[in-house]
Amino acid sequence: MKRIISLLLVSLCAACLVSSAVGESFEETIVRVSLRNNKRIDFSSLPEEVILDHVYGNGTEAVLYLVDREHIALLEDLDFNVEVLVNEAPLRARETALESDRRRQARDPRQDYQFRFDVYHNYVDLVEFLTEINQQYPEITKLYTIGSALPSGRENWVLEMSDNINEDFNEPGEPELNYVSNIHGDETVGRELALRFIHYMVTGYYDEANSDHSRIRKLINENTIAVMPSFNPDGFERGSRTNSNYVDLNRNFLDQFRGAPRVQQPEALNMVEWLDSRKFITSISFHGGAIVANYPYDGNSDNRNVLTPTPDHTTMQYLCRTYAASNSDMLNSREFPGGIVNGAEW
(Lines give C-alpha, C1' and ligand atoms only; values in the text may rest on other atoms or scores of the structure.)
Protein backbone atom coordinates (compact mmCIF):
# COMPACT_ATOMS: atom_id res chain seq x y z
CA MET A 1 0.00 0.00 0.00
CA LYS A 2 1.33 3.43 -0.92
CA ARG A 3 1.86 5.48 2.21
CA ILE A 4 0.21 8.89 2.11
CA ILE A 5 0.72 11.20 5.06
CA SER A 6 -1.79 14.02 5.23
CA LEU A 7 -2.64 16.69 7.75
CA LEU A 8 -5.97 18.44 7.91
CA LEU A 9 -6.37 21.32 10.30
CA VAL A 10 -10.09 21.49 10.94
CA SER A 11 -11.30 24.63 12.70
CA LEU A 12 -14.52 24.27 14.58
CA CYS A 13 -15.65 27.40 16.38
CA ALA A 14 -14.82 31.05 16.84
CA ALA A 15 -13.63 32.60 20.11
CA CYS A 16 -15.28 35.69 21.50
CA LEU A 17 -12.96 38.69 21.52
CA VAL A 18 -14.04 42.07 22.89
CA SER A 19 -12.00 45.26 23.03
CA SER A 20 -10.66 46.08 26.49
CA ALA A 21 -7.69 47.47 28.37
CA VAL A 22 -4.89 45.38 29.85
CA GLY A 23 -5.42 44.51 33.51
CA GLU A 24 -2.83 44.79 36.24
CA SER A 25 -2.16 41.03 36.39
CA PHE A 26 -0.70 39.95 33.07
CA GLU A 27 -2.08 36.87 31.36
CA GLU A 28 -1.59 35.69 27.82
CA THR A 29 -3.04 38.58 25.85
CA ILE A 30 -4.59 38.80 22.40
CA VAL A 31 -4.11 41.95 20.33
CA ARG A 32 -5.14 43.18 16.91
CA VAL A 33 -2.40 45.22 15.23
CA SER A 34 -1.83 47.33 12.13
CA LEU A 35 0.96 49.65 11.10
CA ARG A 36 0.24 53.34 11.52
CA ASN A 37 1.21 53.93 7.88
CA ASN A 38 -1.23 51.16 6.80
CA LYS A 39 1.53 49.32 4.94
CA ARG A 40 1.92 45.54 4.73
CA ILE A 41 3.40 44.11 7.93
CA ASP A 42 6.88 42.59 7.82
CA PHE A 43 6.33 39.75 10.25
CA SER A 44 10.03 38.92 10.35
CA SER A 45 10.47 42.06 12.48
CA LEU A 46 8.38 40.58 15.30
CA PRO A 47 10.08 38.89 18.28
CA GLU A 48 10.03 35.09 18.16
CA GLU A 49 7.92 34.99 21.33
CA VAL A 50 5.12 37.01 19.67
CA ILE A 51 2.69 34.47 18.23
CA LEU A 52 1.05 35.27 14.92
CA ASP A 53 -2.52 33.95 14.88
CA HIS A 54 -4.06 35.34 11.71
CA VAL A 55 -3.44 37.93 8.99
CA TYR A 56 -6.10 40.21 7.52
CA GLY A 57 -6.37 42.89 4.87
CA ASN A 58 -3.74 41.40 2.55
CA GLY A 59 -1.15 41.59 5.29
CA THR A 60 -1.98 45.01 6.72
CA GLU A 61 -3.66 43.73 9.89
CA ALA A 62 -3.02 40.77 12.18
CA VAL A 63 -4.09 39.14 15.42
CA LEU A 64 -1.20 38.27 17.76
CA TYR A 65 -0.84 36.44 21.07
CA LEU A 66 1.53 38.07 23.59
CA VAL A 67 3.07 36.28 26.56
CA ASP A 68 4.98 39.26 27.98
CA ARG A 69 3.65 42.70 28.92
CA GLU A 70 6.76 44.33 27.40
CA HIS A 71 5.70 43.14 23.95
CA ILE A 72 2.86 45.69 23.91
CA ALA A 73 5.31 48.57 24.28
CA LEU A 74 7.64 46.92 21.77
CA LEU A 75 4.90 46.76 19.15
CA GLU A 76 4.05 50.41 19.75
CA ASP A 77 7.73 51.31 19.36
CA LEU A 78 7.68 49.47 16.01
CA ASP A 79 4.93 51.89 14.88
CA PHE A 80 2.00 49.51 15.36
CA ASN A 81 -1.52 50.43 16.36
CA VAL A 82 -2.33 47.96 19.15
CA GLU A 83 -5.88 47.04 20.15
CA VAL A 84 -6.05 44.72 23.16
CA LEU A 85 -8.81 42.09 23.02
CA VAL A 86 -10.37 40.41 26.02
CA ASN A 87 -9.18 36.83 26.50
CA GLU A 88 -11.98 35.02 28.30
CA ALA A 89 -10.32 31.58 28.17
CA PRO A 90 -8.47 31.75 31.55
CA LEU A 91 -11.73 32.57 33.37
CA ARG A 92 -13.57 29.75 31.56
CA ALA A 93 -10.77 27.33 32.50
CA ARG A 94 -11.05 28.24 36.17
CA GLU A 95 -14.82 27.82 36.02
CA THR A 96 -14.42 24.41 34.36
CA ALA A 97 -12.04 23.26 37.09
CA LEU A 98 -14.39 24.36 39.88
CA GLU A 99 -17.41 22.77 38.21
CA SER A 100 -15.49 19.50 37.69
CA ASP A 101 -14.55 19.41 41.37
CA ARG A 102 -18.18 20.00 42.38
CA ARG A 103 -19.42 17.19 40.12
CA ARG A 104 -16.92 14.69 41.51
CA GLN A 105 -17.78 15.60 45.11
CA ALA A 106 -21.52 15.25 44.43
CA ARG A 107 -21.27 11.92 42.60
CA ASP A 108 -22.67 8.84 44.30
CA PRO A 109 -19.80 6.30 44.28
CA ARG A 110 -22.34 3.46 44.16
CA GLN A 111 -23.56 4.56 40.71
CA ASP A 112 -21.90 3.58 37.45
CA TYR A 113 -19.87 6.20 35.61
CA GLN A 114 -21.95 8.29 33.19
CA PHE A 115 -20.36 10.45 30.50
CA ARG A 116 -21.74 14.03 30.55
CA PHE A 117 -22.42 15.64 27.18
CA ASP A 118 -23.40 19.03 28.62
CA VAL A 119 -20.12 20.06 30.30
CA TYR A 120 -16.43 20.60 29.55
CA HIS A 121 -14.04 18.05 31.00
CA ASN A 122 -10.78 19.04 32.68
CA TYR A 123 -7.69 16.82 32.88
CA VAL A 124 -8.95 14.67 35.77
CA ASP A 125 -12.28 14.19 33.97
CA LEU A 126 -10.52 13.33 30.72
CA VAL A 127 -8.32 10.64 32.27
CA GLU A 128 -11.29 9.21 34.17
CA PHE A 129 -13.38 9.04 30.99
CA LEU A 130 -10.65 7.37 28.91
CA THR A 131 -9.97 4.86 31.71
CA GLU A 132 -13.67 4.00 32.01
CA ILE A 133 -14.03 3.52 28.25
CA ASN A 134 -10.99 1.24 28.15
CA GLN A 135 -12.28 -0.81 31.07
CA GLN A 136 -15.76 -1.14 29.56
CA TYR A 137 -14.55 -1.98 26.04
CA PRO A 138 -11.18 -3.73 26.44
CA GLU A 139 -11.70 -5.90 23.37
CA ILE A 140 -11.72 -2.92 20.96
CA THR A 141 -9.77 -0.19 22.85
CA LYS A 142 -6.25 0.35 24.12
CA LEU A 143 -5.25 3.24 26.39
CA TYR A 144 -1.72 4.56 26.84
CA THR A 145 0.38 7.70 27.20
CA ILE A 146 3.11 8.76 24.79
CA GLY A 147 6.63 9.88 25.63
CA SER A 148 7.39 11.39 29.01
CA ALA A 149 5.15 13.09 31.53
CA LEU A 150 5.08 16.88 31.30
CA PRO A 151 6.71 18.96 34.07
CA SER A 152 3.22 19.45 35.54
CA GLY A 153 2.81 15.68 35.87
CA ARG A 154 0.08 15.62 33.22
CA GLU A 155 0.51 13.33 30.24
CA ASN A 156 -0.49 13.02 26.58
CA TRP A 157 -3.11 10.26 26.56
CA VAL A 158 -4.12 8.24 23.50
CA LEU A 159 -7.03 5.84 23.08
CA GLU A 160 -6.92 3.47 20.12
CA MET A 161 -9.85 1.59 18.59
CA SER A 162 -9.57 -1.58 16.49
CA ASP A 163 -11.01 -5.08 16.37
CA ASN A 164 -7.51 -6.56 16.79
CA ILE A 165 -6.43 -4.05 19.42
CA ASN A 166 -4.52 -6.51 21.60
CA GLU A 167 -2.34 -7.87 18.78
CA ASP A 168 1.30 -6.79 18.55
CA PHE A 169 0.81 -5.90 14.89
CA ASN A 170 -2.00 -4.70 12.65
CA GLU A 171 -3.61 -6.80 9.96
CA PRO A 172 -1.70 -6.47 6.66
CA GLY A 173 -2.89 -3.44 4.73
CA GLU A 174 -5.00 -2.08 7.60
CA PRO A 175 -4.71 1.73 7.69
CA GLU A 176 -3.70 3.60 10.86
CA LEU A 177 -5.39 6.97 11.43
CA ASN A 178 -4.85 9.56 14.14
CA TYR A 179 -6.94 12.43 15.46
CA VAL A 180 -5.33 15.11 17.63
CA SER A 181 -7.18 17.91 19.45
CA ASN A 182 -6.45 20.81 21.77
CA ILE A 183 -2.99 21.75 20.43
CA HIS A 184 -3.96 25.25 21.51
CA GLY A 185 -5.15 24.99 25.09
CA ASP A 186 -7.88 27.60 24.69
CA GLU A 187 -9.39 25.86 21.64
CA THR A 188 -11.59 23.46 23.54
CA VAL A 189 -14.37 22.35 21.19
CA GLY A 190 -12.16 19.85 19.36
CA ARG A 191 -11.19 18.30 22.70
CA GLU A 192 -14.81 17.70 23.64
CA LEU A 193 -15.65 16.42 20.16
CA ALA A 194 -12.80 13.91 20.45
CA LEU A 195 -14.30 12.54 23.67
CA ARG A 196 -17.76 12.38 22.11
CA PHE A 197 -16.33 10.69 19.01
CA ILE A 198 -14.75 7.98 21.16
CA HIS A 199 -17.98 7.48 23.09
CA TYR A 200 -20.07 7.32 19.92
CA MET A 201 -17.74 4.83 18.24
CA VAL A 202 -17.40 2.34 21.08
CA THR A 203 -21.08 2.39 22.05
CA GLY A 204 -22.23 2.29 18.44
CA TYR A 205 -20.00 -0.70 17.74
CA TYR A 206 -22.29 -2.88 19.86
CA ASP A 207 -25.58 -0.99 19.61
CA GLU A 208 -27.50 -2.45 16.68
CA ALA A 209 -30.18 0.22 17.13
CA ASN A 210 -27.62 2.93 16.29
CA SER A 211 -28.23 4.11 12.72
CA ASP A 212 -24.45 4.11 12.12
CA HIS A 213 -23.90 0.65 13.66
CA SER A 214 -22.77 -1.08 10.45
CA ARG A 215 -20.59 1.87 9.42
CA ILE A 216 -18.94 2.08 12.84
CA ARG A 217 -18.18 -1.65 12.85
CA LYS A 218 -16.63 -1.35 9.40
CA LEU A 219 -14.46 1.58 10.49
CA ILE A 220 -13.18 -0.13 13.64
CA ASN A 221 -12.82 -3.57 12.02
CA GLU A 222 -10.89 -2.28 9.02
CA ASN A 223 -8.76 0.47 10.61
CA THR A 224 -6.75 1.36 13.68
CA ILE A 225 -8.04 4.73 14.92
CA ALA A 226 -5.91 6.60 17.48
CA VAL A 227 -7.39 9.62 19.27
CA MET A 228 -5.43 12.11 21.38
CA PRO A 229 -8.09 14.40 22.91
CA SER A 230 -5.59 16.85 24.38
CA PHE A 231 -2.11 17.56 23.05
CA ASN A 232 -1.81 20.58 25.35
CA PRO A 233 -3.38 19.60 28.70
CA ASP A 234 -1.44 22.27 30.60
CA GLY A 235 -2.71 24.99 28.27
CA PHE A 236 -6.28 23.77 28.72
CA GLU A 237 -6.04 23.95 32.51
CA ARG A 238 -4.68 27.52 32.29
CA GLY A 239 -7.08 28.59 29.55
CA SER A 240 -4.04 29.48 27.47
CA ARG A 241 -3.19 29.06 23.81
CA THR A 242 0.36 28.13 24.79
CA ASN A 243 1.77 25.41 27.04
CA SER A 244 3.14 25.91 30.56
CA ASN A 245 6.31 27.46 29.07
CA TYR A 246 4.25 29.98 27.06
CA VAL A 247 5.20 28.30 23.77
CA ASP A 248 2.78 27.84 20.88
CA LEU A 249 2.98 24.09 20.28
CA ASN A 250 1.52 24.43 16.79
CA ARG A 251 4.73 26.23 15.79
CA ASN A 252 7.16 24.06 17.74
CA PHE A 253 8.04 21.49 15.09
CA LEU A 254 10.68 21.39 12.38
CA ASP A 255 9.35 23.40 9.44
CA GLN A 256 10.73 23.27 5.92
CA PHE A 257 10.36 27.06 5.60
CA ARG A 258 10.95 28.34 9.14
CA GLY A 259 13.52 25.74 10.14
CA ALA A 260 13.84 24.20 13.59
CA PRO A 261 12.40 25.76 16.77
CA ARG A 262 14.90 27.22 19.22
CA VAL A 263 13.79 24.80 21.96
CA GLN A 264 11.44 21.92 21.29
CA GLN A 265 8.87 21.46 24.03
CA PRO A 266 8.13 18.17 25.87
CA GLU A 267 4.75 17.84 24.13
CA ALA A 268 6.34 18.23 20.69
CA LEU A 269 9.08 15.73 21.53
CA ASN A 270 6.41 13.26 22.66
CA MET A 271 4.51 13.72 19.41
CA VAL A 272 7.57 13.29 17.19
CA GLU A 273 8.58 10.11 19.03
CA TRP A 274 5.04 8.73 18.70
CA LEU A 275 4.67 9.53 14.99
CA ASP A 276 8.10 8.07 14.23
CA SER A 277 7.05 4.81 15.88
CA ARG A 278 3.86 4.43 13.82
CA LYS A 279 2.71 4.34 10.20
CA PHE A 280 -0.26 6.69 10.22
CA ILE A 281 -1.57 7.34 6.73
CA THR A 282 -3.86 10.21 7.74
CA SER A 283 -3.69 12.74 10.58
CA ILE A 284 -6.36 15.26 11.48
CA SER A 285 -5.76 18.12 13.89
CA PHE A 286 -8.82 19.90 15.32
CA HIS A 287 -8.52 23.63 15.97
CA GLY A 288 -10.88 26.50 16.78
CA GLY A 289 -11.29 29.91 15.20
CA ALA A 290 -13.02 29.32 11.85
CA ILE A 291 -15.27 26.71 10.24
CA VAL A 292 -13.03 25.31 7.52
CA ALA A 293 -10.99 22.26 6.52
CA ASN A 294 -7.43 23.48 6.09
CA TYR A 295 -4.83 21.47 4.16
CA PRO A 296 -1.04 21.88 3.72
CA TYR A 297 1.27 23.41 3.02
CA ASP A 298 0.65 26.06 5.68
CA GLY A 299 3.50 28.32 4.62
CA ASN A 300 6.07 29.10 1.95
CA SER A 301 9.55 30.50 1.63
CA ASP A 302 8.25 34.00 0.82
CA ASN A 303 5.80 34.15 3.76
CA ARG A 304 3.07 35.18 1.31
CA ASN A 305 -0.64 34.28 1.24
CA VAL A 306 -0.52 32.25 -1.97
CA LEU A 307 -1.48 28.67 -2.84
CA THR A 308 1.39 26.39 -1.84
CA PRO A 309 0.45 22.81 -2.71
CA THR A 310 2.05 19.57 -1.56
CA PRO A 311 2.85 16.70 -3.97
CA ASP A 312 -0.40 15.13 -2.68
CA HIS A 313 -2.45 18.25 -3.44
CA THR A 314 -5.29 16.39 -5.18
CA THR A 315 -5.61 13.92 -2.31
CA MET A 316 -5.55 16.71 0.26
CA GLN A 317 -8.37 18.55 -1.49
CA TYR A 318 -10.40 15.36 -1.82
CA LEU A 319 -10.11 14.62 1.91
CA CYS A 320 -11.08 18.16 2.85
CA ARG A 321 -14.04 18.24 0.45
CA THR A 322 -15.25 14.92 1.83
CA TYR A 323 -15.07 16.30 5.37
CA ALA A 324 -16.72 19.62 4.47
CA ALA A 325 -19.57 17.85 2.65
CA SER A 326 -20.78 16.53 6.02
CA ASN A 327 -21.00 20.03 7.56
CA SER A 328 -23.45 22.36 5.82
CA ASP A 329 -22.05 25.47 7.54
CA MET A 330 -18.56 24.57 6.38
CA LEU A 331 -19.65 23.55 2.88
CA ASN A 332 -21.63 26.76 2.32
CA SER A 333 -18.99 29.08 3.79
CA ARG A 334 -18.89 32.57 2.28
CA GLU A 335 -15.26 33.02 3.28
CA PHE A 336 -13.93 29.66 2.11
CA PRO A 337 -15.38 28.30 -1.19
CA GLY A 338 -16.56 24.76 -0.60
CA GLY A 339 -15.45 24.99 3.04
CA ILE A 340 -11.78 24.23 2.32
CA VAL A 341 -8.58 26.26 2.08
CA ASN A 342 -4.86 25.84 1.55
CA GLY A 343 -3.12 26.92 4.75
CA ALA A 344 -0.51 29.07 3.04
CA GLU A 345 -3.11 30.80 0.89
CA TRP A 346 -5.34 31.60 3.90
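Here, the structure is the one placed above.
These notes cover the structure that comes with them.

Conventions used here
- Residues numbered from 1 in each chain as written.
- Predicted model: local features only at pLDDT ≥ 70, side-chain atom pairs only at ≥ 80, totals over all residues.
- Heavy atoms only, no water.
- Axes fitted to C-alpha atoms, helices over the stretch in contact; angles between N-to-C directions.
- Helix = DSSP H or I, 4+ residues; strand = E, 2+ residues; numbered from the N terminus.
- Parallel < 35°, antiparallel > 145°, perpendicular 65-115°, else oblique.
- Contact = heavy atoms within 4.5 Å.
- Nonpolar A, V, L, I, M, F, W, Y, C, P; charged D, E, K, R; others polar.
- Expected span 1.5 Å × (residues − 1).
- Buried < 20%, exposed > 50% of the residue type's maximum accessible area, 1.4 Å probe, protein only.
- Pairing = 2+ DSSP bridges.

### Looking at the packing of helix α4 (residues 189-206) against helix α5 (residues 213-222)
How two helices pack is summed up by the angle between their axes together with the distance between the axes.
At step 1: Their axes nearest at 8 Å, the elements α4 and α5 cross at an angle of 110°. Classified by the angle their axes make, α4 and α5 are roughly perpendicular. Of the residues in α5, those in contact with Tyr200, Met201, Gly204, Tyr205 and Tyr206 of α4 are His213, Ile216, Arg217, Leu219, Ile220 and Asn221.
At step 2: Here the contact of α4 with α5 is composed, by residue class, of seven nonpolar, three polar and one charged.

### Regarding α4
At step 1: Between its terminal C-alpha atoms α4 stretches 26 Å, which fits the 26 Å expected from 18 residues at 1.5 Å a residue.
At step 2: Among the residues of α4, those classed as buried are Gly190, Arg191, Glu192, Ala194, Leu195, Ile198, His199, Met201, Val202, Gly204 and Tyr205.

### A closer look at the pairing of strand β4 (residues 61-66)
At step 1: Burial runs high along β4: five of the six residues are buried.
At step 2: Two strands pair when backbone bridges link them, and strand β2 (residues 29-35) and β4 are joined in this way by six bridges, in the antiparallel orientation. Bridge pairing in β4 links Thr29 to Leu66.
At step 3: By the bridge criterion, five bridges tie strand β3 (residues 51-56) to β4 in an arrangement that is antiparallel. Bridged to Val55 within β4 is Ala62.
At step 4: Between β3 and the antiparallel strand that follows it, β4, lie four residues; Gly57 among them carries a positive phi value of about 55°.

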